[in-house]
Amino acid sequence: MQNLQECHILQQPIHSFVIPAEEVAHVQPDNSLEHALLVLVKSGYTAIPVLDTSYKLRGLISKAQILDSIIGLEQIEPERLKDTRVGEVMSTSFACVNEESPFEKALSQSINNPFLCVEDQTGSFLGIITRSKLLAYLNGYLHDQKKRS
Ligand code: AMP
């Protein structure tokens, strides 16, 4: 097998792995938690991006954050879902790469993140890259290299 330093896959730009913005389920900061929970449950995703009206990334919202926000002292308070906005609960720290970033960088960022957000130079949201896609590609590549050696 090749020396890892010579692996061109690590330097390959990641744009071919991007799920484009129009295929990414998202919500806006002013949406209610009820709306966000519906989108999350119906899509089956654990977390999704929060974009403003100009398609700038503002945060991520997850099922766990929503459930945590409706837990009262002694009971679950689902009525809060209608009155609380996504912007009050979302996390504003998230993993981000740009589409020219090398595979190596995306792979290392994905260790702690099931998906990475992709922005262009002006900060506009371009889409996401999932860890599963990166790993599937890497797995295929390594098998291929093994067969050739
Ligand atoms: P997967 O590797 O396909 O299971 O996706 C991992 C995570 O990435 C999901 O749980 C979601 O948080 C996010 N994700 C994947 N695809 C989408 C999408 N089309 N829209 C929004 N989030 C997504």
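These notes cover the structure that comes with them. (Residues numbered from 1 in each chain as written. Predicted model: local features only at pLDDT ≥ 70, side-chain atom pairs only at ≥ 80, totals over all residues. Heavy atoms only, no water.)

A closer look at the sheet that holds strand E4 (residues 96–98)
The cut-off we apply is this: When DSSP locates at least two bridges between a pair of strands, those strands are taken to pair. A helix here means a DSSP run of H or I that spans at least four residues, while a strand means a run of E at least two residues long, and both kinds are numbered starting from the N terminus. The contact definition used throughout considers only heavy atoms, calling two residues in contact when any of these lie within 4.5 Å. The convention used is that axes are lines fitted to C-alpha atoms, helices contributing only their stretch in contact, and that angles between N-to-C directions extend from 0 to 180 degrees.
Pairing is mixed across the open sheet formed by four strands, whose spatial order is E1-E6-E5-E4. Each edge of the open sheet is held by one strand with a lone partner, namely strand E1 (19–20) and E4. Where strand E5 (residues 115–119) and strand E6 (residues 125–130) come together, five bridges link them in antiparallel fashion. The residue bridging Phe-115 from the neighbouring strand is Thr-130, located in E6. On the sheet, helix H6 (residues 131–148) packs against E1, E5 and E6 and is oriented at approximately 55° with respect to E6.

Some remarks on the site of the ligand
Put simply, the rule reads: Near is defined per residue: the residue qualifies when any heavy atom it owns lies within 4 Å of the molecule or strand. For the purposes of these results, a polar contact is taken to be a pair of N or O atoms within 3.5 Å, where, inside protein, one atom must be able to donate a hydrogen and its partner to accept one; residues adjacent in sequence count only when each atom of the pair is a side-chain atom. Using a 1.4 Å probe, accessible areas were evaluated by the Shrake-Rupley method; residue-level cover was limited to the displayed protein chains.
The ligand sits among Glu-23, Val-24, Ala-25, Tyr-45, Thr-46, Ala-47, Ile-48, Phe-115, Ile-128, Thr-130 and Ser-132. Ala-47 has a polar backbone atom sitting 2.5 Å from an oxygen atom of the ligand. Here an oxygen atom of the ligand sits 2.4 Å away from a polar atom, N or O, in the side chain of Ser-132. Here the ligand, which alone exposes 480 Å², has 77% of that area covered by the protein.

Regarding the layout of surface pockets
Using the following cut-off: Computed over the protein atoms alone on a 1 Å grid, cavities are sets of points where a 1.4 Å probe fits but cannot get out and pockets are open sets with protein on both sides within 12 Å along at least five of seven lines; a residue lines them when it has an atom within 4 Å of a point. Grid points are joined across faces, edges and corners, and a volume is the space filled by probe spheres set on the points. Three classes are used, and their members are as follows: Ala, Val, Leu, Ile, Met, Phe, Trp, Tyr, Cys and Pro are nonpolar, Asp, Glu, Lys and Arg are charged, and the others, Gly among them, are polar.
Here the largest pocket defines a volume of roughly 400 Å³. What lines the largest pocket is a set of 24 residues, among which Tyr-45, Ala-47, Pro-114, Phe-115 and Ile-128 lie closest to the centre. Every element with two or more residues in the lining of the largest pocket is listed here: strand E2 (47–51), strand E3 (57–62), E5 and E6. Taken together, the residues that form the lining of the largest pocket break down as 16 nonpolar, seven polar and one charged.

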